[in-house]
Amino acid sequence: MATRDVRQQFGRSAELYATSAVHARGADLEVVVRFARPGLEDVVLDVSTGAGHTALALAPLVARVVATDLTPEMLAVARRLAAERGVANVEFQEADVRALPFPDACFDVVTCRTAAHHYPELVPAVREMARVLRPGGRLVVSDTVSPPDEVADRFINAVEVLRDATHIRDWSVEEWHAAFQTAGLSLEASEEVPVEIGFDSWVERSATPPELREVLVTMLTQAPERLREVFAVRTEPLRFRLPKAVFVAVRP
Amino acid sequence: MGGSQDRALLDLLACPACRGRLSEEDDRLVCCSCGRRYPVREGIPVLLVEEAERPEGAT
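Residues numbered from 1 in each chain as written. Chains lettered and ligands numbered in written order. Predicted model: local features only at pLDDT ≥ 70, side-chain atom pairs only at ≥ 80, totals over all residues. Heavy atoms only, no water.

Asks: I would appreciate a short explanation of the overall build of chain B in the present structure.
Replies: A count of helical and extended segments in chain B gives one helix and four strands. Expressed as a percentage of the 59 residues in chain B, the buried residues total 37%. Sequence-distant contacts, at least 24 apart, represent 12% of the contacts inside chain B between residues at least 6 apart. About 3300 Å² of surface is accessible on chain B, with carbon and sulfur atoms providing 40% of the total. (Helix = DSSP H or I, 4+ residues; strand = E, 2+ residues; numbered from the N terminus. Buried < 20%, exposed > 50% of the residue type's maximum accessible area, 1.4 Å probe, protein only. Contact = heavy atoms within 4.5 Å. Areas by Shrake-Rupley, 256 points an atom, 1.4 Å probe, with all protein chains shown as cover.)

Here is the structure:
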């Protein structure tokens, strides 16, 4: 990837993520907080914080939160939201998940929500997040996942890439399990939290060009019935459902 | 930067290139091991290896 492409993509639309219902109030956020088992003494790292929703949800429950993102405009939005809510124990840094600017074993919890589908490779990112966890620390990730069916997997990832050129892949549950194992983490729990996508705001956030929006409408509404069922495609207004999963994996 | 909370933050940080300790120097964070200098923009440290200035004489 192109770090530059991701920064451009999110630099453009940072403000829309401050108020996006999927990001600010998604059902998975409550699961992420529960899986993190936040303690008052805990130091938390929120990787790819975006508009900071996860960092801000955890901040009142822990000692401090460090929130990183690749995109300065996103961090500016997150910092403004923190100030508006009077949250003082969150610090922000521009950083890349592939080379986190922290020593080994310094966080009690690492969170990563709605971001890994932009990572060019999953295993190095999970390894790096595992590296900064202290023994007994929890890695909590949440992201849209590809369905086990290969055709449905290819279909939805094609849809996602047309919508947002910086989309790499909705990793499958199996790929997540393998990444945790390779990084030496043991999966403790997982929960599926499907997310309802309203087409219009979805393509608005990603600033998808009008011609590609048309292609996407056709793909979603004209897909074979089986695929439309897998993603619960409904019209007027156009909407569909993406499988999403939250995992908590522990560093032994 | 500045203040005791930021001191605590510096203790938590490491150079993303070599994981050396960072110290504050003229609005930059400088790695004590490899000498890379990281900018701080709008009060936010930019801890990206590709944004770092290499120390003089390094290739």
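Asks: Looking at this structure, how should I read the pairing of strand 1 (residues 22-25) of chain B?
Replies: In regular strands, side chains alternate between the two faces of the sheet. Where strand 1 of chain B and strand 2 (residues 28-31) of chain B come together, four bridges link them in antiparallel fashion. Residue Ser23 of chain B lies in a different strand from strand 2 of chain B, and its bridge partner there is Val30 of chain B. (Pairing = 2+ DSSP bridges.)

Asks: Would you mind showing me how to read the interface of chain A and chain B here?
Replies: Interface size is often expressed as the accessible area that is lost when the parts come together. The interface of chain A with chain B comprises 26 residues on the first partner and 17 residues on the second. Roughly 1700 Å² is buried in total at the junction of chain A and chain B, and carbon and sulfur atoms are behind 56% of that figure. Our count for the chain A to chain B interface comes out at two salt bridges. Ionic pairing is found between Arg19 of chain B and Asp104 of chain A, a salt bridge with its closest N-O pair at 3.9 Å. Put simply, chain A and chain B have four residue pairs in polar contact (both at pLDDT 80 or more) between them. Those elements that place two or more of their residues in the side of chain A that touches chain B are helix 1 (3-19), strand 2 (64-69), helix 5 (72-84), strand 3 (90-94) and helix 6 (122-131) of chain A. (Buried area = accessible area lost by both parts, 1.4 Å probe. Salt bridge = Lys/Arg side-chain N within 4 Å of Asp/Glu carboxyl O. Polar contact = N/O pair within 3.5 Å; in protein donor to acceptor, adjacent residues only side chain to side chain.)

Asks: What should I look at first to understand the nonpolar core in this one?
Replies: As a rule of thumb, soluble globular proteins bury nonpolar side chains together. Within the largest apolar cluster, 44 residues are counted, with the highest numbers of intra-cluster contacts made by Phe107, Val126 and Trp176 of chain A. Contributions of two or more residues to this core are made by strand 1 (43-47), strand 4 (107-113), helix 6, strand 5 (133-144), helix 8 (173-182) and strand 9 (244-250) of chain A together with helix 1 (4-12) and strand 2 of chain B. For this core, the element with the most residues is helix 6 of chain A, which contributes five residues. Beyond its immediate sequence surroundings of up to four residues, Trp176 of chain A is in contact with Ala116, Leu122, Val126, Val141, Asp143, Val145, Trp171 and Phe247 of chain A. (Core = buried A, V, L, I, M, F, W, Y, C linked by side-chain atoms within 4.5 Å.)

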